[in-house]
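# Commentary on secondary and tertiary structure
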Amino acid sequence: MSRPVQFNITPKPVDYNGHISMVDAPEGHTGEGFFATKLSEVVGLARKNSLWPLPFATSCCGIEFMATMGSHYDIARFGSERIAFSPRQCDLIMVMGTIAKKMGPVLKQVYLQMAEPRWVLAMGACASSGGIFDSYSVLQGIDQIIPVDVYIPGCPPRPEAVIDGLMKVQDLVGKESLRRRNSEHYQKLLDSYGIQ
Amino acid sequence: MALTNEQIQNKLTEKFGEQVTAFGEPYGMLTFEAPKDLNLKVLQFLFDDETLRFKFLTDLQAVHYPTDKGRELAVVYHLHNLQDNVRLRFKVFTDINTPDVFTATQLYASANWMERETYDFYGVNFVGHPNLKRILNVDEMDYFPMRKEFPMEEQTRRDKDDEMFGRGGSVN
């Protein structure tokens, strides 16, 4: 007997027709043979649906991330099919697990190797705040060394939470102004972390 | 015939007399101590002797006893005789103000990293060690975190109830 989940309680007939998921077109003017919209909308749309994540997994959150990558939860549905392992190719670094102080410079270097625009996601209590490891050897949150865009709470977070976090990153990416990375405000943020 | 704790003890007293002391057998494992200047001589004897043959250094670490004045730091060697499958524990004590102990790296190559770790956490200065620098903690660390006067908790946290986490407060 399988678990009583939504799928079992109210079975839905499978209907493949018309169920290929497509993103909605951005706002704009359309007419006979043309469509006009803002460049930033198109770039945002492209970026958010093809994020290449770099998993920086150091402990149990990494295991939960593997579940998220697997067929059951399947993070690939959100355009993150290509989990890459070179920072130079990636847009999003997912930091999962306890970061010891000795690991700090390594994480920072990996972040620096990523090309702009880059986003950071801190998964779990340890990456976000040090978690239960309130200790002299553990970094009390990765935001002490690199700027973080999205934090996922949990110890470890469930795959649903990871997916929710990824979708929050997608929102940020889709709405980001094309000039943000050149702005004085962003420069100040990087300066506060000692990043040129 | 298998090597017994009694035989080891007799061998050691025969060789070093009154200088090896505090023999005991907690959980059946022979334990004793010697003055810190003698640590290499005792280890060499345990290594070289035809019947003792303690050729494997299983573990090496320190213990901090802040109330025991003049012998605050204990350096503990765990040795293993692989042929007879016998283990023993050997301690030397040192003053925390002059934590100089001779290195065992010439005798046991495995002592190299273990002594670095012991230095890293307790500040024991292993005289003659080829590369005595921090191994596990960040190089910038300016104290020896396992000494009792230093709290375990990260001191920069401001978002927790200090009384519960050893950062001052009324409970200590």
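Residues numbered from 1 in each chain as written. Chains lettered and ligands numbered in written order. Predicted model: local features only at pLDDT ≥ 70, side-chain atom pairs only at ≥ 80, totals over all residues.

## Some details on the overall build of chain A
- Of regular secondary structure, chain A possesses 7 helices and 6 strands.
- Secondary structure elements of chain A, listed N to C terminal, follow the sequence α-β-β-α-β-α-β-α-β-α-β-α-α.
- Expressed along its principal axes, the backbone C-alpha trace of chain A runs to roughly 60 × 55 × 25 Å.
- For chain A, the proportion of contacts with a sequence separation of at least 24, taken over those separated by at least 6, is 77%. (Helix = DSSP H or I, 4+ residues; strand = E, 2+ residues; numbered from the N terminus. Contact = placed C-beta atoms within 7 Å.)

## A word on the pairing of strand E2 (residues 30-34) of chain B
Residues and elements named next belong to chain B.
- Of all 5 residues in E2, 4 are buried, a share of seventy percent or more.
- Bridging between strand E1 (residues 21-24) and E2 involves 2 bridges; their strand directions are antiparallel. Within E2, the position partnered with Thr 21 by the bridge is Glu 33.
- A loop of 5 residues connects E1 with E2, the two strands running antiparallel in sequence, and Tyr 27 in this loop sits at a positive phi of about 55°.
- In terms of strand pairing, E2 meets strand E5 (residues 86-94) through 5 bridges, oriented parallel. (Buried ≥ 20, exposed ≤ 12 C-beta atoms within 10 Å, placed from the backbone. Pairing = 2+ DSSP bridges.)

## Structural notes on the interface of chain A and chain B
- Contacts between the two partners involve 9 residues from chain A, matched on the other side by 10 residues from chain B.
- Split by residue class, the side of chain A that touches chain B holds 2 nonpolar, 4 polar and 3 charged. (Nonpolar A, V, L, I, M, F, W, Y, C, P; charged D, E, K, R; others polar.)

## Regarding the sheet that holds E1 of chain B
All names here are of chain B.
- Strand order in the open sheet made by the 5 strands is E1-E2-E5-E4-E3, with mixed pairing throughout. For this open sheet the edge positions go to E1 and strand E3 (56-64), each flanked by a neighbour on one side alone. Mean inter-strand twist for the sheet, computed between neighbouring axes without regard to direction, equals 15°.
- Contacting E1, E2 and E5, helix H1 (residues 5-16) runs over the sheet at an angle of about 15° to E2.
- The sheet contacts of helix H3 (residues 111-122) involve E3 and strand E4 (73-81), and relative to E3 the element is tilted by about 10°. (Axes fitted to C-alpha atoms, helices over the stretch in contact; angles between N-to-C directions.)

## With respect to the sheet that holds strand E6 (residues 150-152) of chain A
Residues and elements named next belong to chain A.
- Spatially, the 4 strands line up as an open sheet ordered E3-E4-E5-E6, and their pairing is parallel. In this open sheet, the two strands that pair with only one neighbour each are strand E3 (53-57) and E6. Adjacent strand axes in the sheet meet at a mean angle of 20°, parallel and antiparallel pairs treated alike.
- Along the sheet face, helix H3 (residues 60-69) touches E3, strand E4 (92-96) and strand E5 (119-123) and points at about 145° away from the line of E3.

## So, the nonpolar core
- Among the nonpolar cores identified, the biggest contains 35 residues, and Leu 92, Ile 93, Met 94, Val 95, Leu 121, Ala 122 and Met 123 of chain A are the most heavily contacted of them.
- Where this core is concerned, the elements lending two or more residues are E3, H3, E4, helix H4 (104-113), E5, helix H5 (124-129), E6 and helix H6 (159-175) of chain A.
- In contact with Ala 122 of chain A, other than residues within four places in its own chain, are Val 95, Ala 127, Ser 128, Ile 142, Val 148, Tyr 151 and Ile 152 of chain A.
- Judged by nonpolar contacts, the second largest core, of 32 residues, contains Val 42, Val 92, Ala 104 and Tyr 119 of chain B. (Core = buried A, V, L, I, M, F, W, Y, C linked by C-beta atoms within 7 Å.)

## Details of H3 of chain A
- Taken together, the buried positions of H3 of chain A are occupied by Cys 61, Glu 64, Phe 65 and Thr 68 of chain A. Angular distribution of buried residues about the axis of H3 of chain A spans 105°; they occupy a single face of the element. (Arc of directions from axis to C-beta.)

## Considerations on the packing of H3 of chain A against H6 of chain A
All names here are of chain A.
- Here H3 crosses H6 at 75°, and the two axes come no closer than 9 Å. The angle between H3 and H6 falls in the class roughly perpendicular. Together, Glu 64, Phe 65, Ala 67 and Thr 68 of H3 and Pro 159, Val 162 and Ile 163 of H6 make up the contact between the two elements. (Parallel < 35°, antiparallel > 145°, perpendicular 65-115°, else oblique.)

## Side note on the confidence of the model for chain B
- Averaged over all residues, the pLDDT of chain B equals 88, while 92% of them reach at least 70.
- Scored as a complex, the prediction yields pTM 0.82 and ipTM 0.78. (pLDDT = per-residue confidence, 0-100.)

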